[in-house]
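# Chains, contacts and geometry: an overview
Residue-level listing of the chains:
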Amino acid sequence: MELTGAETFVRCLIEEGVEYVFGYPGGAVLNLYDALYQQEQIKHILARHEQGAVHAADGYARATGRPGVALVTSGPGATNAVTGIATAHMDSVPLVVFTGQVPTPLIGNDAFQEVDAVGITRPCVKHNFLVKDVANLADTIKKAFYVATTGRPGPVVVDIPKDVTAKRAEFHYPKKVHLRSYNPVTKGHPLQIKRAVELMSSAERPVIYTGGGVISGNAALQLTELTRLLGFPITNTLMGLGGYPGNDPLFLGMLGMHGTYEANLAMHNCDVLIAVGARFDDRVTGNVAKFCPKAQIIHVDVDPSSISKNVKVSVPIVGYCDQVLAEMIHLLRVQEKRTNGEALARWWAQINEWRSIDCLKFDRSASGVIKPQHVLEKLYQLTEGNAFVTSDVGQHQMWAAQFYKFDKPRRWINSGGLGTMGFGLPAAIGAQLAFPNETVVCVTGEGSIQMCIQELSTAKQYSTPIKIINLNNGYLGMVRQWQELFYGNRYSQSYLESLPDFVKLAEAYGHVGMQITKPQDVEGALREALAMKDRLVFMDFLTDKTENVYPMIPSGAGQNEMILV
Amino acid sequence: MRHIISLLLENEAGALSRVAGLFSARGYNIESLTVAPTEDGTLSRLTLVTRGSDDIVEQITKQLNKLIDVVKLMDLSSGPHIEREIMLVKIRATGAARDEVSRLSEIFRGHIVDVTAGSFIVELTGNGKKLDAFLDSLERGSIVEVVRSGVSGMARGEKSLGV
Ligand SMILES: Cc1ncc(C[n+]2csc(CCOP(=O)(O)OP(=O)(O)O)c2C)c(N)n1
């Protein structure tokens, strides 16, 4: 059957089982929007800015594990989408982003609303395509979904010129794709896995350190089983939270710049480091020259280029995390002596000593002023760790990571790699659409929330009952913290004057607004808001303006050189 | 260390810019880069010369392999290989200098491919060192123009880069 490019586009999305398209229309994509109008299977979510559309698709993808789909017009539509695409790229989130393009005869002519979308997005996508012939459209879309979701996932951009959406071609959706140049390694090398297990069994001071790869690779079950089988201490990166139950005694908390004292010291002193789906990011390693000086390192990752990129490792294993961990569990189960019990007991004694300093303590007796940590602790208690929590970027993000104990994967949704302020609200919309009956909370700051505030309107249109927790300290808090600690209290441009009245703002968008100013009102307000199952509630918490995030590893320092409260 | 990396690349629009973009984005150095179609119309062969520590070159090859358009890759410098580059040099020469140029060209096994009353074009093939040596042997100021193809290469013996 002959279909137009636009009809082909819709059919392909249906074949891929796409539920939502997050987008924003414009001239170059009018045909695509017309085809979307004439069907009912795929729901289109109209964002208020293309950045919001892509973040929402991203939030949907992170919450579900399925690819997120976005559709934007050419020129400014594509450039507005770039921040969203780069955000997904840095965190390895599977997205397929369709950008409209000017008609093929006009490409290269500086036509109205023309940008080289493929060129602009090249450094921040896993791959991208320009479709010049309608006969290749279905095939290209199939490839796009395949590339986005396999191996190390990532965003793929498909740029479609307007004339291609109008032309006709015989429709055929391929069942399978073959790309001779793309064959991700999925199964780890058995000998390497054996070597890793031997090293683990003989370790005296082991640590398991895991990242976002465990979440995106759906390996949390295997990780939990392996960790418990060994009784090893485990720490997660910011992206890896939820990969292991956050309230489990083996869990040391997050590591890295704002990680716990016990996690960072355990890393610094370990003799065997088992890294899974983590990439030794600079926010984790601190000064690489001082990183894990005594450790032999095992590194499991699906992306060979992540291995030995920042830190040399002894046992590299390329493969899907779930499969490799399952293989390790299998080998350990049949092994008589799994661990060096005595040494491990001594190691735990040491770790528990570090733990006892209670590095996340904060002034609970403070009266009159709300401590941001207190809000998040209460949120955790009231939601029993079951909420989906998105965040923006700054102090509030770190406190959310420290104080909300994530027990399950895919519940913690934040822009770890790119650190994109403005991510939280649209990502929450995507997560809430995927899980309409779950509690979705967006933890944000008064700086970040204003970067995509327009999405309050989207939330109204699609009735997503998100709970926004605005930890309002009147400052770009994370910037202010650095200025206090490293720039002699010179608060250059980090104070936000003329903040809006967030309660009225929320109401203007048709939502419920609350302002909370006293510590004793925190719990009640949260209860009240969480009980409003069908309303978006914007909770503006006026918090301690001078609170800092601790512990902190200053940049350039080693993991053992933390600043404590 | 200097490395010669040979790639088979999908012969698609934009494939070359992915390779070039990778080098600039990650701050790797490119000394030379050549690319042309092969006997298989769907593939281009690209040869690039880069310098870096073993760690960096390992990253370079991994990052190149990660590009969807890269079909196969080989670090030619890891084994015995042939390295060739072609060069055209336009040389200003009058009077006695004309004999000198043709003699030098012969010594270096070059060919004179263009002659006018005041100039020659010499074509020379070889590895980079030989081409450098030829340029060094010419009288200063006599070189009007130089064009070099950049290095191409192939592994010796059984080893080959194919799909
Ligand atoms: C788009 C973008 N611009 C700038 C920054 C740099 N930045 C990081 S944290 C931060 C402050 C965030 O302030 P706020 O949202 O109020 O959160 P707080 O730190 O006060 O909790 C800034 C400006 C960023 N991460 N993203």
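Procedures and definitions
Residues numbered from 1 in each chain as written. Chains lettered and ligands numbered in written order. Predicted model: local features only at pLDDT ≥ 70, side-chain atom pairs only at ≥ 80, totals over all residues. Heavy atoms only, no water. Helix = DSSP H or I, 4+ residues; strand = E, 2+ residues; numbered from the N terminus. Rg over C-alpha atoms; globule rule 2.2 N^0.38 Å. Buried < 20%, exposed > 50% of the residue type's maximum accessible area, 1.4 Å probe, protein only. Contact = heavy atoms within 4.5 Å. Areas by Shrake-Rupley, 256 points an atom, 1.4 Å probe, with all protein chains shown as cover. Lys, Arg positive; Asp, Glu negative; His and termini not counted. Charge placed at Lys NZ, Arg CZ, Asp CG, Glu CD. Polar contact = N/O pair within 3.5 Å; in protein donor to acceptor, adjacent residues only side chain to side chain. Near = heavy atom within 4 Å. Nonpolar A, V, L, I, M, F, W, Y, C, P; charged D, E, K, R; others polar. Buried area = accessible area lost by both parts, 1.4 Å probe. Salt bridge = Lys/Arg side-chain N within 4 Å of Asp/Glu carboxyl O. Phe/Tyr/Trp six-rings, centres within 6.5 Å; stacked < 30°, edge-to-face > 60°. Pairing = 2+ DSSP bridges. Axes fitted to C-alpha atoms, helices over the stretch in contact; angles between N-to-C directions.

Our next topic: the overall build of chain A. In terms of regular secondary structure, chain A is built from 21 helices and 20 strands. A globule of 565 residues ought to have a C-alpha radius of gyration of about 24 Å, and chain A, at 24 Å, matches this closely. Across the 565 residues that make up chain A, the buried fraction comes to 60%. The long-range fraction of contacts in chain A, counting pairs at least 24 apart against all pairs at least 6 apart in sequence, stands at 76%. Entry remark: accessible area of chain A is about 21,400 Å², with carbon and sulfur atoms responsible for 51%. Side chains of chain A give 51 positive and 54 negative charges; the mean places of these two sets differ by 4 Å.

Residue and element names in this part refer to chain A. Positionally, Asn 236 belongs in strand 10 (residues 234–236). Overall, Asn 236 belongs to the buried group, its relative accessible area being 0%. For Asn 236 and Gly 253, which are 17 residues apart along the polypeptide, the C-alpha to C-alpha distance reads 6.6 Å. With residues up to four places along the chain from it excluded, the contact list for Asn 236 reads Thr 210, Leu 241, Gly 242, Gly 243, Tyr 244, Phe 251, Gly 253, Met 254 and Leu 255. Here Thr 210 takes part through its side chain, which lies 2.9 Å from a polar atom of the side chain of Asn 236.

Moving on: the site of the ligand. All names here are of chain A. In the vicinity of the ligand, 17 residues are found, and the nearest of them are Gln 395, His 396, Gly 419, Ser 448 and Gly 477. Between the ligand and the protein, one listed contact pairs an oxygen atom with a side-chain N or O atom of Ser 448 at 2.7 Å. Gly 477 places a polar main-chain atom, nitrogen or oxygen, 2.7 Å from an oxygen atom of the ligand. Coverage of the ligand by the protein chains reaches 76% of its 590 Å² of free accessible surface. Of all elements in the fold, only helix 16 (395–403) and helix 19 (477–486) reach the threshold of two or more residues within the shell around the ligand. It is helix 19 that provides the largest number of residues to the shell around the ligand, a total of three residues. Counted by class, the shell around the ligand contains seven nonpolar, nine polar and one charged residues.

Moving on: the interface of chain B and chain A. Listed per partner, the contact involves 19 residues of chain B and 16 residues of chain A. Interface area for chain B against chain A, summed over the two sides, is near 1,500 Å², with a carbon-plus-sulfur share of 46%. Broken down residue by residue, the surface that chain B buries against chain A is led by Arg18(B), Lys62(B) and Ile68(B), which jointly contribute 44%. Arg180(A) is the partner of Glu10(B) in a salt bridge, and the nearest nitrogen-oxygen pair spans 2.8 Å. Our count for the contact surface shared by chain B and chain A stands at eleven residue pairs in polar contact (both at pLDDT 80 or more). Broken down by secondary-structure element, the contributors of at least two residues to the side of chain B that touches chain A are helix 1 (15–25), helix 2 (54–66) and strand 4 (70–75) of chain B. Broken down by element, the side of chain B that touches chain A gets its largest block of residues, six residues, from helix 2 of chain B. Its residues assigned to classes, the side of chain B that touches chain A shows six nonpolar, five polar and eight charged.

Counted under the stated rule, the structure contains 21 aromatic pairs over all chains. With 5.7 Å between their ring centres and 90° between their planes, Tyr146(A) and Tyr182(A) make a pair best called edge-to-face. Highlighted residues: Tyr146(A) in helix 6 (residues 137–149) and Tyr182(A) in the loop between strand 8 (168–170) and helix 8 (190–202), separated in sequence by 36 residues. The buried category is assigned to Tyr182(A), whose relative accessible area is 8%. With a centroid separation of 5.8 Å and 80° between ring planes, the pair formed by Phe23(B) and Tyr28(B) is classed as edge-to-face. Of the two residues examined, Phe23(B) and Tyr28(B), each falls in the buried class.

Neighbouring strands of a sheet are bound in pairs by backbone hydrogen bonds; such pairs are parallel or else antiparallel. Residue and element names in this part refer to chain A. Strand order in the open sheet made by the six strands is 11-10-9-12-13-14, with parallel pairing throughout. The outermost strands of the open sheet, each flanked by one partner alone, are strand 11 (251–254) and strand 14 (315–318). Ignoring strand direction, the axes of neighbouring strands in this sheet form an average angle of 15°. Along the sheet, helix 11 (residues 261–269) contacts strand 9 (206–210), strand 10, strand 11 and strand 12 (272–276); its crossing angle with strand 11, the most-contacted strand, is approximately 105°.

In this section: the side chain of Arg411(A). Residue and element names in this part refer to chain A. When you line up the elements, Arg 411 lands in the loop between helix 16 and strand 16 (412–413). At 2.6 Å, the side chain of Arg 411 and the backbone oxygen of Asn 386 are in polar contact. Discounting residues that sit within four places of it in the chain, Arg 411 has contacts with Asn 386, Ala 387, Phe 388, Val 389, Phe 406 and Glu 438.

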